[in-house]
Amino acid sequence: MAPFDCVATISMSTTNIIDEPEVVQCNQLGEFPVSATDIARETMSDPASKDLYYSIVQGNLKNSEEYTIQDGCILRGNRIYIPSTLRKLILHELHDGHLGTQKMKSVARSYVFWDNIDRDISNITQACPACIRYSKSPDRVIHKWLPPDAPWQRIHVDHAGPFFNKYFLILVDAYSKWIEVFFVPNLSSTSNIPFFRETFARFGMPSVLVSDNHSCFTSAEFQTFLKGNGIRHMATPVKHPASNGQVERYVQTLKAAIRKALFGKPSRDIHQALQIFLLSYRKAPHCRTGTSPAQVMFGRDIRSRLDFMKNVIPPADKPDLQLRIGDTVVFRDHTTADRTWNTGSIISFDGSAIALIQTHYGIMRRHMDQIRKISHGFQDDDDATLDFQDQFNVPAPVTTPAPVMTSPTVPQAPEQLDFSTPDLTSPELTPTSIPPDLTTNIPDLRLPESVPVLPDLDLGSARPRRH
């Protein structure tokens, strides 16, 4: 009932004038669990209430016009002042419906007042067992992780799936936002640890690993793996995925990207779609860092097919050896088994360590370690041949010197040559008929070749000396 509803029940034809404080007293005090007599009695008994009472009567308050006295009770407008001894009963009456703190305050402002009434209402609500048990969750408060100091210090991990009949293991670096995604056969620790080991071999061991409370991450096997690698494990609170929001958001992003990539395509292309997404995501600038994950992670951007439009080829380093285009060189020839070295002329360079050599067999591609410069006219110049032999430690061809023949031991040449086939059974051709000194000192009458055939050389002996 509103404070002045009782006025509507009074006959408008009456000539009696009803005082307003009396109307308030009839409506308010009659509804409280205590009577007006109890309030008036306790007002005079309580020291603080008694001082307020006399201050109002004597007009010592600055705003004493806001207060009135009715039958020993203090009123401020239409609200009744409750002494300290009766406040507990009033609070229980206000809380009887378990309306909550805010609604209790709204109701109390229409009936009663005292100092720190809002605080007392909050305290009784927080102490109520029923309100505590069935209260709703508090307002969401965003707590941000402290940013790490360098890449790969803290990583967040989670699973996604089953999605297209596959499970995904997702790892996100909190600093660079670099993402790694793997197809895993199941959610067991045994199946997932090899993928963690592969990732740690590529980027190193993180300091902290954050995950939810799934059995894959809380099992003794996984905990032993982390402890053995010096990694601290931080598990988020149960049923609070927002604590691992670094990777939870990537789960939704990954699923949306794969759905779009496989739209109208067979699901067997899911691996290709995943790799295209990872390449694009790692190259694109991140909204938080302003740069791409690859740039933050490695200090450089990764190359994609869009870079083909620039057509920028990094300049090749000039070779530091004393070789020029057109120089005649010898090089290792692996096309034949009998010739280890061959000659040719340099026509171009491929980088700082590779040369293209024109030969009789075509163009050969050789490393600088397989090439040595020689003088022009190597095949026909004896001096060049000697220089080549000295440089590569090639021994000179061995020739057998002709023995000195004495006249008594050299048989006379026949006046007429006989080309008929000799009779091998003739006693004149038996070994006993040949003088002993001729059997051991037969000269080598073969003519030497104009260019000696060089023996196979060892590459180690052909390398120049380092100073």
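All residue numbers refer to position in the chain's written sequence, counted from 1. For a predicted model such as this one, the threshold for reporting local features is a pLDDT of at least 70, and the threshold for listing and counting side-chain atom pairs is 80 or more; totals across whole chains, interfaces and linings nevertheless cover every residue. Side-chain numbers come from the whole structure's heavy atoms, not from hydrogens or water.

Turning our eyes to something else, we now look at the pairing of strand β8 (residues 208-211). Neither face of β8 is exposed, since V208 and V210 on one face and L209 and S211 on the opposite face are all buried. For two strands to pair, DSSP has to find at least two bridges joining them. A run of H or I in DSSP becomes a helix once it reaches four residues, and a run of E becomes a strand once it reaches two; helices and strands are each numbered from the N terminus. The pairing of β8 with strand β9 (residues 232-235) spans four bridges and is parallel. Counterpart to V210 in the pairing with β9 is M234. Categorising residues by exposure relies on relative accessible area from a 1.4 Å probe, with only protein chains included: less than 20% of the type maximum marks a residue as buried, more than 50% marks it as exposed, and the intermediate range marks it as partly exposed.

This part takes up the pattern of salt bridges. Between Lys or Arg on one side and Asp or Glu on the other, a salt bridge is scored when a side-chain nitrogen of the former is within 4 Å of a carboxyl oxygen of the latter. Within this structure, the stated rule accounts for eleven salt bridges. For K283, the salt bridge identified is with D301, shortest N-O distance 3.6 Å. Here K283, found in helix α12 (residues 270-283), pairs with D301, found in the loop between α13 (293-298) and β10 (328-332); they are 18 residues apart in sequence, far enough to count as distant. Of the residues examined, D301 reaches a relative accessible area of 36% and is grouped as partly exposed. Each of E180, E198, R202 and R282 takes part in salt bridges that share partners, so that together they form one network.

With respect to topology, five strands assemble into an open sheet ordered β7-β6-β5-β8-β9, the strand pairing being mixed. Looking along the sheet, the strands with just one partner apiece sit at the ends: β7 (179-184) and β9. For this sheet the average axis-to-axis angle between neighbouring strands, irrespective of direction, equals 25°. The contact criterion used throughout is that any non-hydrogen atoms of two residues lie within 4.5 Å. Fitting a line to C-alpha atoms yields each axis, with helices limited to the stretch in contact; the angle taken between N-to-C directions then spans 0 to 180 degrees. Set on the sheet, helix α8 (residues 189-203) makes contact with β5 (154-163), β6 (166-173), β7 and β8; between it and β7 the angle comes to about 150°.

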